Amino acid sequence: MLRVHKIKLDPNQAQAIYFARACGVARFAYNWALAEWKAQYDAGGKPSETALRKQLNGIKGEQFPWMSEVTKNAPQQAIKNLGTAFQNFFRRVKQGGKPSYPKFKKRGLHDSFRADNGSDDITCDGKTIKLPRIGWIRMRESLRFGGTIKSATVSKMADGWHVAVVVDTWEYTSGRLGGGTVGVDLGIKEFATLSTGEVIPALKPHRAAHARLVRLSRSLSRKQNGSSNRAKAKAKLARLHLSIANVRKDALHKLTTSLATRFDTVAIEDLNVSGMIKNRSLARSIADASFAEFRRQLEYKTAMTGARLHVVNRFFPSSKTCHSCGTIHVMKLSDRVMVCDCGNIMDRDLNAAMNLEQHAASSAVSVCGENGSGSGRKTGVKPLSVKQKEAVCAD
Ligand SMILES: [Zn+2]
């Protein structure tokens, strides 16, 4: 399985200059290929990333000699990325959507370049990593997974340079502890309620961080456009956003690891993510992003531990059904307690989580680890394809 470990780098000045240059080459190649693609298409041609990469290789020595100052992977990978961008674009057009056409890249926005491990150009040794053309660079922590290093992508984030190392590894986290089946209800007020009664509070940024966020945004809005003070304030705000996101991601990782290692089956509701995108409040959008990330992490972690992930169809009325007698009630979002004539009085989210658990238990025909085989499909278990099982599990 391919896994990614993203680690902060501590480059020296020369290395940071090299990074910026390599990002520049990658961006130039991407924009060059995009312009070529458009021109060739308008002239009736059928452009492809493979042909464009060959074309660039043929002319770069003469026209762009400065490209050879950085790893040859940087421009090549950038054009491959453009190919992927077009693939996604055409797929969405086919699906009847109105995606935006691939855009030119701007300096300072998602700056990155990739190096592939062709002949052991990339190696890690403790808290250092060796990259092609540049040598050893200090890292903040050592690589978490053992295995073969496939590639390394260096990118600039609000707090400095990072490297995302892709490793082909067979080191799995420890297996399940035989905890049976658990239902997980996701919400806004509480992030998650488990059918065991555990409640994981909402992943809100810490109150102090929120106050800082408000103060920094206000300070930014008072700065003059184009001034260096504005740039400084902007960088400060971006760093705070990143650290808040990291806190949230960390909490999510702890929760999904705990679920995938403690239980044999984890039942969750399918979330209409594309429907959720058209949304309203900030709290809502943060929660939606967390839900999607929650599911993504749970998918690869259960695949690793061999637990079964049971995804219940979103039309299953988990919140409205009384867990004791099965009566379906009319419930508003503001009704926080399930009160049923049968005598069942239960917290709404706990009731929903217990229904999800029951749904998984009653359709538990597949052996643990075989995500959604046989009748599982009908009940909404999403089978993991081989590709997904080997999916890149980015941190
Ligand atoms: Zn009832």
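Small disclaimer: the values here were computed from a predicted structure and weren't measured.

### Some points on a nonpolar patch on the surface
- Taken together, the side chains of Val337, Val339 and Ile345 make up a nonpolar region of the molecular surface, amounting to roughly 290 Å² of accessible area.
- Within the fold, Val339 resides in strand E13 (residues 337-339).
- With relative accessibility at 54%, the residue Val339 sits in the exposed group.

### Details of the sheet that holds strand E1 (residues 2-10)
- The sheet built from seven strands is open, its strands ordered E2-E6-E7-E1-E5-E4-E3 with antiparallel pairing. Taken across any chain shown, the strands that pair with only one partner, and hence form the sheet edges, are strand E2 (112-116) and strand E3 (123-125). When the angles between neighbouring strand axes are averaged without regard to direction, this sheet yields 35°.
- The sheet contact formed by strand E6 (residues 148-157) and strand E7 (residues 160-168) spans nine bridges and is antiparallel. The residue bridging Thr148 from the neighbouring strand is Asp168, located in E7.
- Strands E1, E2, strand E4 (128-131), strand E5 (135-139), E6 and E7 of the sheet are contacted by helix H1 (residues 13-42), whose axis makes an angle of about 95° with E2.

### A look at the sheet that holds strand E11 (residues 265-269)
- Judged by pairing direction, the sheet is mixed, and its five strands sit side by side in the order E10-E9-E8-E11-E12 without closing on themselves. The outermost strands of the open sheet, each flanked by one partner alone, are strand E10 (199-201) and strand E12 (308-312). On average, each strand axis in the sheet is inclined to that of its neighbour by 20°, with strand direction left out of account.
- Across the sheet, helix H5 (residues 228-262) lies against strand E8 (181-186), strand E9 (190-194), E10 and E11, angled at about 10° from E9, the strand it touches most.
- Packed onto the sheet, helix H8 (residues 348-362) meets E8, E9, E11 and E12 and runs at close to 135° relative to E8.

### Remarks on the pattern of salt bridges
- All chains considered together, the criterion is met by eleven salt bridges.
- Between Asp116 and Arg114 there is a salt bridge, with the nearest N and O atoms lying 2.9 Å from each other.
- Judged by its relative accessible area of 29%, Arg114 falls in the partly exposed class.

### Comments concerning the environment of Ala360
- Structurally, Ala360 is set in helix H8.
- Note on Ala360: relative accessible area 0%, which makes it buried.
- The spatial distance from the C-alpha of Ala360 to the C-alpha of Arg308 is 9.5 Å, given a sequence separation of 52 residues.
- When neighbours within four sequence positions are excluded, Ala360 is seen to be in contact with Thr181, Thr265, Ala267, Arg308 and His310.

### Structural notes on the coordination of the zinc ion
- Distances from the zinc ion to its protein donors, Cys322 (SG), Cys325 (SG), Cys340 (SG) and Cys342 (SG), fall at 2.2 to 2.3 Å.
- Considering all four donor atoms around the zinc ion, angles at the metal cover 106 to 113° and the coordination shape is tetrahedral.
- Overall, Cys322 belongs to the buried group, its relative accessible area being 1%.

### Some points on the pairing of E1
- Here seven bridges tie E1 to E7, and the two strands are oriented antiparallel to one another. Paired with Ile7 across the two strands is Val163, which belongs to E7.
- Here E1 pairs with E5 via two bridges, running antiparallel. Paired with Leu9 across the two strands is Met139, which belongs to E5.

Rules used in this analysis
Residues numbered from 1 in each chain as written. Predicted model: local features only at pLDDT ≥ 70, side-chain atom pairs only at ≥ 80, totals over all residues. Heavy atoms only, no water. Patch = residues over 30% accessible without salt bridge, like charges linked within 9 Å, V, L, I, M, F, W, Y side chains within 5 Å. Areas by Shrake-Rupley, 256 points an atom, 1.4 Å probe, with all protein chains shown as cover. Salt bridge = Lys/Arg side-chain N within 4 Å of Asp/Glu carboxyl O. Helix = DSSP H or I, 4+ residues; strand = E, 2+ residues; numbered from the N terminus. Buried < 20%, exposed > 50% of the residue type's maximum accessible area, 1.4 Å probe, protein only. Pairing = 2+ DSSP bridges. Axes fitted to C-alpha atoms, helices over the stretch in contact; angles between N-to-C directions. Contact = heavy atoms within 4.5 Å. Donors = N, O, S within 2.8 Å, 3.2 Å for Na, K, Ca; no water. Tetrahedral: all angles 85-135°; square planar, octahedral: opposite > 155°, others 65-115°.

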